Amino acid sequence: MAEYWDIKVEDIFNSMQERFRPDGAKDVDAVFGYDILDEGKWKLTVKNNEMKLSKTDDLSGCISTMKADGETFVGVNTGKVDATNAFMSGKVKVEGDMGAFGKTGKLFRKYIIAKKEMTVKEYLADMFATIVPRFKAKEAEGLDAAFAFDLGGPQGGKWTVFIKDKVCTVTTEIEGSPTVTLEFNDAKDYVDFILGKIDAQSILAAGKAAAKGDINMMASKWPILFEKYKDPMGGNVQEQELLVLKKTIAVNQKFSTGPIMGKFLKGLKDKKIYANKCPKCGRLQLPPREVCAECRVRAADFLEVGPKGEVRYMDVVFYAMPDPLTGVARETPYGSINILLDGCKGNETLPHFIRKDQIEKIKSGWNEKKGTRVRPVWEENRIGDIWDIKYFEIDE
Amino acid sequence: MAHKKNRNVGIIGIGQTKHSSHREDVNQPELIHEAVSLALKDANLTMKDIDCVVHGNMELFEMVHSPDLWHVLGTGAYGKDCIRITTGGTVGATLSCASDNLTASGMYDIVMAIGFEKLQEGHTTGGITNMADPLWFRKIQAGALTGSSAYDVEREFGLERANRASLTYRIIMDKHAGLNPNAHRAFGLDFNQIDDLIRTSPKLVGELKLIEMCSQSDGACCVIFACEKKAKEISKTPVWIRDHITVHKEETFSIFGYNREFPVMKTHKFAAEQLFKRNGIKDPLNYFDVFEMYDPASWWAIDWLRDFFDLKGDEHLKLIENKEIMIGGKLPINPSGGVIGSNPIGATALIRVAEAAMQVRGNAGPHQIPTPVNHALASGFGGTMWTVMTMLEKELNW
């Protein structure tokens, strides 16, 4: 099985049970399929806030199936690959019910990349293999010494480090008569000592280790001659799980309308639509605004317009946009229309919605072509709000 | 006459993060710090050299009030003059204008502009909808999405030609983004996919399709500005700011009258005409070597080309169809991949200036235009049809 970022596809699946979030599985009752190229197929059953995963050859009965290659699958699950990009570019394909598959995103905690453990044997091999690169030749002026290591236990071994003429060499046996020999009953203690997990005094005091020969040479020279050993596991700390804090804000707000917009909103209560007129350029403003932005003069003359008019432009909205005022997604598709109410001209249009079942029939108008005629449908209980008009509908 | 400046100002440092939808690994100050460090390194300066920090992003997109206070950990503005600017989609461009003005005025010698956004942390459409008049329009608008540009182009040139032009533009942007290591989205699209994408890409509004819309990115951009004297001392390749223009409009969305006798003021066209006229540029299409355009969707981009360069008939579509806007073409547009490629909104318009300046310096990286870039143009867009345009020059000789 291939590995990506040191992770196998199997690792992702095998950890699913442990990463499963019952919270995210509320209201989910479905079977999902995973078809990973050259790796195999898996079936995930989620029901009653519990999950079951099985490797299978048969993905029939799945509500939706994700198809990807191993690298993309591991990448998306570990955050190494952007999931949206992978989906948009076709590296991840979802067959079946796309909406249902979206729910799998909440089912699991993120996969945290665990670092591998190193054995004592691997540590010793690494420690002595890095002796020469860590050697500081300029500190060895005039030194001629041999440091021997006799490390016991099942994973232990013997090494001698020679320093002569500012050159350092290492052998995997004890040769000749070393200047000093360090003996450890258990090589694991030596590894822990070098990693700083236990101190030399306590090992020596406990009789777990001994030094023969010129102990001072070892104690005073060794730390100067070699750079400190760096743990390739970095202390073997798991990569930190990064938290994302989720907040929802709901606030009450109130806005004063002022007299001009107030007149417009009050008019809606009485089933009347008011525009105001710029005394300088004569254009109508709908809804009424305090001043004409173009002429920068107050506009206080009102005129009743509509309530019927002609559609000049309609946006058909397919994207399920959550309404920021309620958090509820608007039902799609809906038609957002700009209406030229009777009595208005040019760009003096009013935006509103069209009756949902009439979207298909709406024609937008321009100079050469009349748009569809529409009329407002009023709410029974009107409060002075743009939604006192429920929507517009075709007037024929 | 260009607008009055007490002294010239040059861009001497640029830094930007990799733009992405996956930056859960850092918080907001940490993300900003990445761009700030890169810009300081690029300019070979330290925070001690910065006289003033100008900070900006979209108001309330992340629902944090006065984010410049929290972000001071990343901006380095502690104990310094720091000004916060927020002007909607144009904010990045306004950061650049303000930094230029603050330096040109003589108030500060070195000013750092920082644009930022973490769109994954807030609610973009919620933020945009809260811009609308709360007395009535907030309830009926649909965020930043509209198919009106598509409708306009389609009505004038027919659905098939319009669709193909939009997708050609989109794929050119994807090819450019593929060259830009900082771009958020590069799918590896090719021109032979046009028909397929027209058919399969989900529609958002009208003919506006998912593939044609900009991304929602996390990212930050930092640009350092210096007065002429300092710029020449510090940088071997300062990029000079020749002029910039900002044009605002009434906030109302009632712009869909569709009556030729009552033309709607188009701020891009208006701004471009003013800017080129006062700088004596008669043929902008030939004058500029690169244009970093704020292109929120490919439909808007193809429509706006006509406004920016005062093109007649179908000249704008031909530029796209003949791939003259690709790197290596007559006027490369968005070698960076543009806003469709990466869109951390508060940084987006500053990235336009930064990317244009990198092209002038000649060290943009894999997406560098191969021919010399002496004159560059950048645009910002936001609000309801607001425009900011910035002109950059390699030589101080205008």
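Owing to the predicted nature of the structure, the values given are computational and were not obtained by experimental measurement. (Residues numbered from 1 in each chain as written. Chains lettered and ligands numbered in written order. Predicted model: local features only at pLDDT ≥ 70, side-chain atom pairs only at ≥ 80, totals over all residues.)

Enquirer: Could you give me a rundown of the overall build of chain A, with the residues and numbers involved?
Expert: What chain A contains, in helices and strands, is 11 helices and 22 strands. Over its C-alpha trace chain A gives a radius of gyration of 38 Å, far above what one expects of a compact globule, namely 21 Å for 396 residues. In terms of overall dimensions, chain A has C-alpha extents of about 110 × 60 × 40 Å along its principal axes. Going through the 396 residues of chain A one by one, you find that 26% of them count as buried. Taking the contacts inside chain A whose residues are at least 6 apart along the sequence as the reference set, 60% of them involve residues at least 24 apart. (Helix = DSSP H or I, 4+ residues; strand = E, 2+ residues; numbered from the N terminus. Rg over C-alpha atoms; globule rule 2.2 N^0.38 Å. Buried ≥ 20, exposed ≤ 12 C-beta atoms within 10 Å, placed from the backbone. Contact = placed C-beta atoms within 7 Å.)

Enquirer: Outline the overall build of chain B, supporting the account with residue identities and numerical values.
Expert: Along chain B, the regular secondary structure elements total 15 helices and 11 strands. Here the C-alpha atoms of chain B give a radius of gyration of 20 Å, agreeing with the 21 Å that 2.2 N^0.38 yields for 398 residues. If you line up chain B on its principal axes, its C-alpha atoms span 55 × 45 × 40 Å. Expressed as a percentage of its 398 residues, the buried residues of chain B come to 58%. A sequence separation of at least 24 residues applies to 80% of the contacts in chain B between residues at least 6 apart.

Enquirer: Give me the nonpolar core: which residues, what numbers.
Expert: Counting 145 residues, the largest nonpolar core has A113, I114, C222, V223, I224, L350 and A357 of chain B as the members making the most contacts within it. With 11 residues, helix α15 (residues 345–361) of chain B is the largest single contributor of residues to this core. Leaving out residues up to four positions away in the same chain, A113 of chain B has contacts with V54, L95, S96, S99, C222, V223, F225 and L350 of chain B. If you look at the next biggest cluster of nonpolar residues, it comprises 20 residues, including I12, Y34, C62 and A68 of chain A. (Core = buried A, V, L, I, M, F, W, Y, C linked by C-beta atoms within 7 Å.)

Enquirer: Summarise the packing of helix α7 (residues 159–179) of chain B against helix α12 (residues 298–309) of chain B; cite the residues concerned and give the values.
Expert: Residues and elements named next belong to chain B. In contact at an axis separation of 8 Å, α7 and α12 are set at 100 degrees when each is read in the N-to-C sense. The angle between α7 and α12 places the two elements in the roughly perpendicular class. Where α7 approaches α12, its residues A165, S166, Y169 and R170 are matched on the opposing element by S298, W299, A301 and I302. Per-class residue counts for the contact of α7 with α12 are five nonpolar, two polar and one charged. (Axes fitted to C-alpha atoms, helices over the stretch in contact; angles between N-to-C directions. Parallel < 35°, antiparallel > 145°, perpendicular 65-115°, else oblique. Nonpolar A, V, L, I, M, F, W, Y, C, P; charged D, E, K, R; others polar.)

Enquirer: Give me the lowdown on unusual backbone geometry, citing residues and values where you can.
Expert: Residues and elements named next belong to chain A. Cis peptide bonds are those with omega within 30 degrees of zero, and the linkage from G306 to P307 qualifies with 5 degrees. Tracing the sequence through the fold places P307 in the loop between β17 (301–305) and β18 (309–317). Of note, the phi angle at D6 is positive, near 65 degrees, even though the residue is not glycine. As for its position among the elements, D6 is in the loop between β1 (3–4) and β2 (7–8).

Enquirer: Now, about the domain arrangement of chain B: what can you tell me, with residues and values included?
Expert: All names here are of chain B. On domain assignment, one finds that chain B holds domain 1 (9–126 + 217–239) and domain 2 (148–213 + 240–393). Taken together, the 39 residues of domain 1 in the interface contact 32 residues of domain 2. If you list the elements that add at least two residues to the side of domain 1 that touches domain 2, you get β1 (9–16), α4 (91–104), β4 (110–118) and β7 (218–227). Considering each element in turn, the side of domain 1 that touches domain 2 owes the most residues, eight residues, to α4. Of the residues contributing to the side of domain 1 that touches domain 2, the split by class is 17 nonpolar, 18 polar and four charged. (Domains from an automatic or database assignment.)

Enquirer: Which residues make up the environment of M358 of chain B, and what values do they have?
Expert: Note on placement: M358 of chain B falls in helix α15. If sequence neighbours within four positions are ignored, M358 of chain B has contacts with I14, N363 and A364 of chain B.

Enquirer: How would you summarise the interface of chain A and chain B if you had to cite specific residues and measurements?
Expert: The interface is formed by 40 residues belonging to chain A together with 43 residues belonging to chain B. Counting residues per element, the side of chain A that touches chain B draws most heavily on β18 of chain A, which supplies five residues. When grouped by side-chain class, the residues that make up the side of chain A that touches chain B number 23 nonpolar, 13 polar and four charged.

Enquirer: Tell me what's going on with helix α11 (residues 258–269) of chain A, and back it up with residues and numbers.
Expert: Residue and element names in this part refer to chain A. An ideal rise of 1.5 Å per residue puts 16 Å on 12 residues; α11 measures up with 16 Å between its terminal C-alpha atoms. Among all positions in α11, only F264, L265 and L268 are buried. Axial view of α11: buried residues confined to an arc of 90 degrees, hence all on one face. On its buried face, α11 is in contact with β13 (273–277) and β22 (389–394). K271, located one to two residues past α11, shows a positive phi value of around 60 degrees. (Expected span 1.5 Å × (residues − 1). Arc of directions from axis to C-beta.)

Enquirer: Would you mind going over the pairing of strand β11 (residues 180–184) of chain A in detail, with residue names and values included?
Expert: All names here are of chain A. Among the five residues in β11, four count as buried, and that is most of the element. Judged from the five bridges that link them, strand β8 (residues 144–151) and β11 form a sheet pairing that is parallel. Residue pairing in the sheet places F147 in a bridge with V180 of β11. Of the strand pairs in this sheet, β11 and strand β12 (residues 209–213) are connected by five bridges, and their pairing is antiparallel. By the bridge assignment, L182 is partnered in β12 with A211. (Pairing = 2+ DSSP bridges.)

Enquirer: Give me the sheet that holds β4 of chain B: which residues, what numbers.
Expert: Residues and elements named next belong to chain B. The nine strands are arranged β3-β2-β4-β7-β1-β8-β11-β10-β9 in an open sheet whose pairing can be described as mixed. Taken across any chain shown, the strands that pair with only one partner, and hence form the sheet edges, are β3 (81–85) and β9 (290–292). The sheet shows a mean angle of 25 degrees between the axes of neighbouring strands, direction not considered. Here β1 pairs with strand β8 (residues 239–247) via two bridges, running antiparallel.

Enquirer: Give me the lowdown on α7 of chain B, citing residues and values where you can.
Expert: Structural remark: α-helix, 3.6 residues per turn; residues separated by three or four positions point the same way. In this model α7 of chain B runs 31 Å from its N-terminal to its C-terminal C-alpha over 21 residues, within 8% of the 30 Å that 1.5 Å per residue would give. Most of α7 of chain B is tucked away: 15 of the 21 residues are buried.

Enquirer: Let's hear about the sheet that holds β13 of chain A: which residues, and what values?
Expert: Residue and element names in this part refer to chain A. One open sheet holds the three strands; their spatial order is β14-β13-β17, and the pairing between them is antiparallel. Lying at the two open borders of the sheet, with one neighbouring strand each, are β14 (284–285) and β17. Bridging between β13 and β14 involves two bridges; their strand directions are antiparallel. Looking across to β14, one finds that N276 is bridged to Q285.

Enquirer: Pulling in residues and values, what's your account of the environment of G371 of chain A?
Expert: Residues and elements named next belong to chain A. For G371, the position within the fold is in the loop between β20 (350–353) and β21 (373–378). Here the alpha-carbon distance between G371 and E310, two residues 61 residues apart in the chain, equals 5.4 Å. When residues no more than four places from it in sequence are discounted, the contact partners of G371 are E310, V311, R312, K363, S364 and G365.

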